Amino acid sequence: MNAMPWTSFDTWIAVTGMLCAVSCAIPGSFLVLRKMSMMGDAISHAVLPGLALAFFATGARDSLPMFVGAAVVGILTALFTQWISKFGQVDRGAAMGIVFTTLFAIGLILIVRAADYVDLDPGCVLYGAIELTPLDMVVLGPFELPRAAIVNGTVLLMNLGIVVLLFKELRLSSFDPALADTLGFSPGFLHYLLMTMVAVTTVAAFESVGSIIVIAMLIVPAATALLITRRLVPVLVIASVVGCASAWLGHYMAIRIPPLFGISDTNSSGMMAFASGLLFTLAWIFAPLEGLLARFFGGRGKAIRPPATTNP
Amino acid sequence: MFETITDILFLKDHNTRVVVISVMLLGVSSGIIGAFLLLRKRSLMGDVLSHATLPGIGLAFALMVAMGGTGKSLPGLLLGAAVSGAAGLLLMLAIRSTTRLRDDVAMGFVLSVFFGLGVAVLGMVQKIPGANAAGLESFIYGKTASMVFQDAALIGGVALVVSVVAVLFKKEFTLICFDDGYATSQGWPVVLLDIAMLALVTIVTVIGLQAVGLILIIAFLIIPAAAARFWTHRLDYMLLLAALIGALSGWLGASFSGIFSDLPAGAIIVLVAAAIFIISMFFGTARGVVPRLRDQARLKRRIGRQHLLRAAYEILEQQPGPLANVPVDRASLFAHRSWSPREFRRFLAHARAEDHLETATPDAIRLSESGFGEAARMTRNHRLWELYLIRHADVAPSHVDRDADMVEHILGADLVRQLEDELGDIGNHLPESPHAVQPAAL
C-alpha cells in the first residue's frame, strides 16, 4: 500500500501534539526533579471516579463538568499521596500506587453502576484520539483551529505564565525545599500549585488528545534534557524542543511506518510516546558529558588529565 | 440471604472455591514479592511491567498470525507479554546503572514508552487484513469471575512457586533492599539479584494481569506490603503479614463480589485491600498514625512535667537556708521558665495526676515525696550533662542550659552512671549549676 501524502490534517495533528507535548514538558521537568515522575500515570488512572461522578451529577457527557470532575480528583490524588507519604511515612511511589488503584477501583464500580444508563467505557478514558482533532474545528477570529489545539495552547500559556512568574521560587523549592522554607517561600504551596498544574494539564490533554502522550511527555522530554544538561533553564528549553520533535516525528512514523507492512496507519499518540523514547535513546548514547559514548571513550577522565600544553 | 453469604464466605460452591483460592494464592505471592519491592522503593514496578507487556502482546499476536494461526493462543500471548516485560525491566536497570537518572524516572520512561509502542503496535495489528484482533485489549482487563479450573490451577501453581522462590532468596533480597552498596562491596551480584527479583515480579504481573486484571495486580503488589509495614519492624513478620493481608483481601473481596455479582471483582478486592491499608495506617502498632501521635503526646507530657519539677527544685535551691521541701509560689514557678499560661496549667495538672505535687495553698504548690525525688533526679541529670558538655565538649557554660534541656529526659540509668564515671569527682552529689539559674525574662 502506498503511503498517503502529508495533508493539512496531518499538520494539525502534529501541531496539536506539539502544543500538548510542550505544555506537559514544562511541569514534567519539575516533576522529574522532585522524584515524582509517575504522577502523570497515577492521575490518568485516578480521574475515573471524577468522570463518573460528574456524569452522575449532570446526567450528560458534557466535557466541561467532566473536565472539572477529573481535575478535582486529579488534585485529590496529589493531596492523598502527599498525606499518606507524610503522615503514614510511606514511600511516595507506594503512596501514589495505593491512591490511584483505590480511586480507579471506585471509578470502575461507579461506571458499572452508570453503565445501566449510558455507555461510559473505561477504554475511551485512556485512549483519547489525537487523529480526530482536525474534525472538531472551532472558528476563532480569522482562523479556524482544532478545538484540541486551542485547549492545549491555553494550558501551555497558563503553564508558561506560572513558571515565568514563579520561576525563582519553583527552582529553589525543587532543589532545596528546606532553604525555600527558611526564606519564606512555602514549599507546600508551591507543591500543591505544581500538582494542580499537572492535574489540569493532564486532564485537559487527555480529554483532547489521549492519556498516553501525556504520561510520556511529562517524563521523557525532561529525562532527555537531564541527560544533556543539569541547569534548569536549559532543561526546560531542551525538554520543550524534545517534546515538539517527538510529536512531529511520532505522527510522521504513525503514517509512514505501517505502510511498510501493508497497513494504512496506526495510533499517533502511541507513536509520539515511542518517538520520545527514541530521542531519549539518542541522548543516552550521544550526550556530550554523560552519554554512553562519552563515558566509554573516557569523557569523564578528561577533566582530571593535566593540560597537554608543555609538548612542543 | 444469610445462607448465601456463609456459603460464599466458606467456599461451599465449587466455582467460587476455585476462583477464591487462586486469587488468595495470588495475594500471598504478590504480598511477599511486594514487600521486597516496597523496601527497594520500587512499588510501582507492577504498574510499569503491566504497561510494558502491551507491545509484546501485540507483537506475539502479529507473529502468530503471520505463522498462520488465529493469534489468540493464550500461552503465546503470555510469552509475548513476559518477553516484553523482561525487556522493559532490563532497559530500566540499564538506564538506572548508566545514567544519573533515578529509579522513578527510569520506571516512568519504560512505562510510557513501552505503553506508547504497545498502543501503536495494537493500532497496526488491528488493521492486519484477515486477522481478528478484537478483544485483544481486553486481555489486560482480566475476568476474575469467569475463571475456569485450568486458569485457576495455573495461577495458583505459579503463585506458589514464586512465593517459595522469594522466600528462598530472602537473605539476598533483604541485603539488596537495605544496603545495595554494602552488597556490592561484599561481592554479591547485585544486578543479577535485582533481575531475579524483578523477574519474579514480571511472572506475578503477567499471570495476574491475565487472570484478575491490570488494576488489581498493581494494587496487590503495593497495598498488602504497605499495610503490613505499619504493624512490625521485623522483615520476617512483615513478609508473613503481607502474605496474610494479600490472602485476606483476596478472600473477602472475591467473596463479596460473589454476593454483589454485578460489580467487578477486581475493583472490590482492591477496595477491601485499601480498607485494610487505612486501618493499618491509623492503628498499626509499629508505625501507625494513632500510636505514634499517642507516643509523641506522652513524651511531650513527660517532658513538660519534668521541666515543671526541675523549675520547682531550682526555686527551692534558691531559698535561704538548707534545702527543704517548702511550698512553692505558683507565680514564681510560672515566671521561672517561658511557657504559656495554658501549657503551665496543663503541666501542673499532669504532675498532680502523677502524684508529684499537691496544692498547698490556693497560690502555692508543694512537691510530694516522689515528686521531690524526681525533681532532684532531673536537676541532677541536667547538671551532669551540662558539666559533661563544659568539660568534654568545650561548650561555654552560658550555652549548655538549652542542650541539657533536651537531653535530661532521655538519660537512662546506664548513661547517668557513665557520666558519673566520666566526670569522676561528682559521686552521688547533686552538683551546683555551672551557670546562674534565673527566671526567664519577665
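Predicted, not measured: the structure shown is a model, and the values here were computed from it. (Residues numbered from 1 in each chain as written. Chains lettered and ligands numbered in written order. Predicted model: local features only at pLDDT ≥ 70, side-chain atom pairs only at ≥ 80, totals over all residues.)

### Quick look at the overall build of chain B
Logical step 1: Counting its secondary structure elements, chain B contains 19 helices and three strands.
Logical step 2: Taking 2.2 N^0.38 as the reference for a compact globule, 442 residues should give roughly 22 Å; the C-alpha atoms of chain B span a radius of gyration of 32 Å, well beyond that estimate.
Logical step 3: When burial is assessed residue by residue, chain B has 45% of its 442 residues classed as buried.
Logical step 4: Summarising the internal contacts of chain B: among those between residues at least 6 apart in sequence, 72% fall at separations of at least 24. (Helix = DSSP H or I, 4+ residues; strand = E, 2+ residues; numbered from the N terminus. Rg over C-alpha atoms; globule rule 2.2 N^0.38 Å. Buried ≥ 20, exposed ≤ 12 C-beta atoms within 10 Å, placed from the backbone. Contact = placed C-beta atoms within 7 Å.)

### Quick word on the overall build of chain A
Logical step 1: A tally of helices and strands in chain A yields 14 helices and two strands.
Logical step 2: In chain A, buried positions account for 53% of the 312 residues.

### What to know about the domain arrangement of chain B
Logical step 1: Domain assignment breaks chain B into domain 1 (12–222) and domain 2 (293–423).
Logical step 2: Its C-alpha centre places domain 1 of chain B at a distance of 59 Å from the equivalent point of domain 2 of chain B. (Domains from an automatic or database assignment.)

### Details of the packing of helix 7 (residues 147–165) of chain A against helix 10 (residues 187–208) of chain A
All names here are of chain A.
Logical step 1: Packing of helix 7 against helix 10 leaves a shortest axis separation of 9 Å and a crossing angle of 165°. What the angle tells us is that helix 7 and helix 10 run roughly antiparallel. Remark: the crossing between helix 7 and helix 10 carries left-handed chirality. Contact with helix 7, carried on its side by Ala148, Val151, Asn152, Val155, Asn159 and Ile162, involves Met197, Val200, Thr201, Ala204, Ala205 and Ser208 of helix 10 and no other residues of that element.
Logical step 2: When grouped by side-chain class, the residues that make up the contact of helix 7 with helix 10 number eight nonpolar, four polar and no charged. (Axes fitted to C-alpha atoms, helices over the stretch in contact; angles between N-to-C directions. Parallel < 35°, antiparallel > 145°, perpendicular 65-115°, else oblique. Left-handed = near helix turned anticlockwise from the far one by under 90°. Nonpolar A, V, L, I, M, F, W, Y, C, P; charged D, E, K, R; others polar.)

### A short note on the sheet that holds strand 1 (residues 328–329) of chain B
Logical step 1: What the three strands build is an open sheet, ordered 1-3-2 (chain B); its pairing is antiparallel. If you trace the sheet from one side to the other, it starts and ends with strand 1 and strand 2 (357–361) of chain B, each paired once. (Pairing = 2+ DSSP bridges.)

### Section: unusual backbone geometry
Across residues other than glycine, the phi torsion is negative in most instances, and most of the peptide bonds are trans.
Logical step 1: For Lys35 of chain A, which is not glycine, the phi torsion reads 60° and is therefore positive.
Logical step 2: With respect to the secondary-structure elements, Lys35 of chain A resides in the loop between helix 1 (8–33) and helix 2 (39–46).
Logical step 3: You will see that Asp394 of chain B, though not glycine, has its phi angle at about 55°, which is positive.
Logical step 4: The residue Asp394 of chain B is located in the loop between helix 17 (369–392) and helix 18 (400–407) in this model.

### Looking at the packing of helix 17 of chain B against helix 18 of chain B
All names here are of chain B.
Logical step 1: Following both chains from N to C, one finds helix 17 and helix 18 inclined at 130°, their axes separated by 9 Å at the closest point. Here helix 17 is positioned oblique relative to helix 18, judged by the angle of their axes. In the packing of helix 17 onto helix 18, the handedness of the crossing is right-handed. Taken together, the residues of helix 18 that come into contact with helix 17 (itself represented by His382, Trp385, Glu386, Leu389 and Ile390) are Val400, Asp401, Asp403, Ala404 and Val407.

### Some thoughts on the interface of chain A and chain B
Logical step 1: With 50 residues of chain A at the contact, the number on the chain B side is 45 residues.
Logical step 2: Among the elements that make up the side of chain A that touches chain B, the one with the highest residue count is helix 5 (residues 92–114) of chain A (12 residues).
Logical step 3: Along the lines of polarity and charge, the residues of the side of chain A that touches chain B split into 31 nonpolar, 15 polar and four charged.

### With respect to the pairing of strand 2 (residues 143–146) of chain A
The two faces of a sheet get side chains in turn, since along a regular strand they alternate between them.
Logical step 1: As defined by bridge partners, strand 1 (residues 137–140) of chain A adjoins strand 2 of chain A across four bridges and the pair is classed as antiparallel. For Val139 of chain A, the partnering residue across the bridge sits in strand 2 of chain A and is Glu144 of chain A.

### Quick word on the confidence of the model for chain A
Residue and element names in this part refer to chain A.
Logical step 1: When the pLDDT values of chain A are averaged, the result is 83; 88% of them are 70 or greater.
Logical step 2: When mean pLDDT is taken per element in chain A, helix 12 (residues 232–256) scores highest with 94 and helix 6 (residues 122–126) scores lowest with 48.
Logical step 3: Confidence over residues 301–312 falls short of pLDDT 50; this stretch has zero contacts with residues more than four positions distant or in other chains. (pLDDT = per-residue confidence, 0-100.)

### Here's the deal with the confidence of the model for chain B
Logical step 1: Taken over all residues, the pLDDT of chain B has a mean of 85, while the share at 70 or more is 91%.
Logical step 2: Within chain B, helix 1 (residues 2–9) of chain B has the poorest average pLDDT of any element, 65, and helix 13 (residues 265–283) of chain B the best, 93.

### Some thoughts on the pairing of strand 3 (residues 364–367) of chain B
Residues and elements named next belong to chain B.
Logical step 1: Residues Ile365 and Leu367 of strand 3 are buried on one face, while the alternating residues Ala364 and Arg366, pointing to the opposite face, are not.
Logical step 2: Here strand 1 runs beside strand 3; their pairing, made up of two bridges, is antiparallel. Among the inter-strand pairings, Val328 is bridged to a residue of strand 3, identified as Ile365.
Logical step 3: In this antiparallel pair of consecutive strands, strand 2 and strand 3, the connection spans two residues.

### A few points about helix 10 (residues 190–212) of chain B
Every α-helix winds through 3.6 residues per turn, so residues three or four apart in the chain are directed the same way.
Logical step 1: Spanning 23 residues, helix 10 of chain B covers 32 Å between terminal C-alpha atoms, matching the ideal 33 Å at 1.5 Å per step.
Logical step 2: Immediately downstream of helix 10 of chain B, the backbone of Gly213 of chain B shows phi near 100°, a positive value. (Expected span 1.5 Å × (residues − 1).)

### Concerning the environment of Ile426 of chain B
Residue and element names in this part refer to chain B.
Logical step 1: As for its placement among the helices and strands, Ile426 is situated in the segment after helix 19 (413–423).
Logical step 2: Under the C-beta neighbour-count criterion, Ile426 is labelled partly exposed, with 16 such atoms within 10 Å.
Logical step 3: Counting along the chain gives 42 residues from Ile426 to Leu384, while the straight-line C-alpha distance between them is 8.6 Å.

### Comments concerning the environment of Leu79 of chain A
All names here are of chain A.
Logical step 1: Tracing the backbone shows Leu79 in helix 4 (residues 63–87).
Logical step 2: You can call Leu79 partly exposed: it has 13 C-beta atoms within 10 Å.
Logical step 3: In this structure the C-alpha to C-alpha distance between Leu79 and Met96, which are 17 residues apart in sequence, comes to 10.0 Å.

### Details of the environment of Ala106 of chain B
Residues and elements named next belong to chain B.
Logical step 1: Of note, Ala106 is situated in helix 6 (residues 103–125).
Logical step 2: Sequence spacing of Ala106 and Arg17 is 89 residues, and the spatial spacing of their C-alpha atoms is 40 Å.
Logical step 3: Not counting residues within four places of it along the chain, the set of residues in contact with Ala106 comprises Met92, Ile95, Arg96 and Leu101.

### A short note on helix 6 of chain B
Logical step 1: Taking 1.5 Å as the rise per residue, helix 6 of chain B with 23 residues should run 33 Å; its terminal C-alpha atoms sit 32 Å apart, in good agreement.
Logical step 2: Taken across its 23 residues, helix 6 of chain B has 22 buried, putting it largely inside the fold.

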